Amino acid sequence: MIHAKAYSAASATSPLALDTIPRRETTEHDVQIEILYCGICHSDLHTVRNEWSSVMATTYPCVPGHEIVGRVTAVGAAVNLFKPGEMVGVGCLVDSDHNCPSCQANLEQFCQNATFTYNSPDKHLGGVTYGGYSESIVVDEQFVLRVPGNLDLAGVAPLLCAGITTYSPMRRWGDLKGKKVGVVGLGGLGHMGVKFARAFGARVVVFTTSPGKKDDALRLGAHEVIISTDAEQMRQHAGSFDFILDTISADHDINAYLQMLSLDGNITLVGAPEKPLPVSAFALIFGRKSLSGSLIGGIRETQEMLDFCGEHNIIADVEVIPIQKVNEAYQRMVESDVKYRFSIDMASLKSD
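Residues numbered from 1 in each chain as written. Predicted model: local features only at pLDDT ≥ 70, side-chain atom pairs only at ≥ 80, totals over all residues. Heavy atoms only, no water.

Engineer: Just to check I follow, could you spell out the overall build of the protein for this structure?
Structural biologist: Regarding its fold elements, the protein presents 11 helices and 17 strands. Here the C-alpha coordinates of the protein stretch approximately 60 × 40 × 40 Å along the principal axes. Burial status across the protein gives 54% buried among its 352 residues. Accessible surface computed for the protein: about 15,100 Å², of which carbon and sulfur atoms make up 52%. Where the 29 positive side-chain charges of the protein centre and where its 40 negative ones centre are 6 Å apart. (Helix = DSSP H or I, 4+ residues; strand = E, 2+ residues; numbered from the N terminus. Buried < 20%, exposed > 50% of the residue type's maximum accessible area, 1.4 Å probe, protein only. Areas by Shrake-Rupley, 256 points an atom, 1.4 Å probe, with all protein chains shown as cover. Lys, Arg positive; Asp, Glu negative; His and termini not counted. Charge placed at Lys NZ, Arg CZ, Asp CG, Glu CD.)

Okay, here's the thing in structure tokens:
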């Protein structure tokens, strides 16, 4: 067993603090990774504070982090996909049963026996898995991703969750070239949605309640910005969108955005509001519209996304912080005081 430095939470009300966690020795199919950067996802905060207890209760101590970029330091005897020294990524999954229909369809995120990167049953050591707020991690080679060499690593880290979460539904919807695509919200997910929609050749429109975000939305690639609290702006665009990506995690009126869709248009939810959203049947029926959801992506699609980012020079907009500022970053994230993701420089862990 390997002992690694990490930052963990001891309870739902505890700050993250320095800890030591176990990592398994590298088995024949494993890749050992020195973590260089780890993005901070809103899911980290929800899990640390046990805010999703009705769906997935948190086991403490909890080490979050599923946006991991690092350097391979060792590989098992049977590993042939990676070698020491290579730059790699690890996202929200570190294993699955490999055999179920979802796994066979390269949709490991829907495997009933998927092992998530943290707070998931650890079939090797017992207890639960520990995530990327750590100096190292050991992962099955099938769940390790190759990182394009031309991209800044700090900005790559959030691609492993925020990137694939927004890329997957757009890619699945089909050819977006020339289509009118809306992105609701301009935060950690929304800013990636704008970048991908623009790269796919869509006409990109951002919906926001904050007029102050207009310039940033245009900088990120939006062609137009709609202030969603302005009834006249909303009316002018009614019935004109082919696809809308809804990234909002707070309560909001989904029916207002259903009215924006054209015939056979779709809204896909990637945000996760705590309370159910009331949906008008008439808003769906008139226009044959659809409302769907999407959860990250499988390993093959995540690699496709990283390759696409390499080709189009796409990374997340990040503020790089030392691990010692993670609790401050959590509070700032609650206050939406970040443009647009935090990325932890894990070299800072060495100073603790």
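Engineer: Is there a simple way to think about the pattern of salt bridges in this case?
Structural biologist: Pairs can form between side chains of opposite charge once their charged atoms are near each other. As enumerated under the stated definition, the model contains 17 salt bridges in all. For Glu304, the salt bridge goes to Arg171, with nearest N and O atoms at 2.8 Å. Note that Glu304 is positioned in helix α10 (residues 299–312) and Arg171 in helix α4 (residues 162–173), a separation of 133 residues in sequence. Judged by its relative accessible area of 41%, Arg171 is partly exposed. Salt bridges sharing common partners tie together Lys195, Asp216, Arg219, Asp317 and Lys339. (Salt bridge = Lys/Arg side-chain N within 4 Å of Asp/Glu carboxyl O.)

Engineer: Would you take a moment to explain helix α5 (residues 190–199) for this structure?
Structural biologist: Given 3.6 residues to a turn, an α-helix orients residues that are three or four positions apart in the same direction. In terms of burial, α5 is a largely internal element, eight of the 10 residues being buried. Residues of α5 that are buried: Gly190, His191, Met192, Gly193, Val194, Lys195, Phe196 and Ala197. Gly201, located one to two residues past α5, shows a positive phi value of around 90°.

Engineer: How should I be thinking about the environment of Ile299 in this particular structure?
Structural biologist: Tracing the chain through its elements places Ile299 in helix α10. In the structure, Ile299 is positioned 193 residues away from Asn106 in sequence and 6.8 Å away in space, judged by C-alpha atoms. Not counting the four nearest positions on each side in its chain, Ile299 is found in contact with Asn106, Glu108, Gln142, Phe143 and Leu145. (Contact = heavy atoms within 4.5 Å.)

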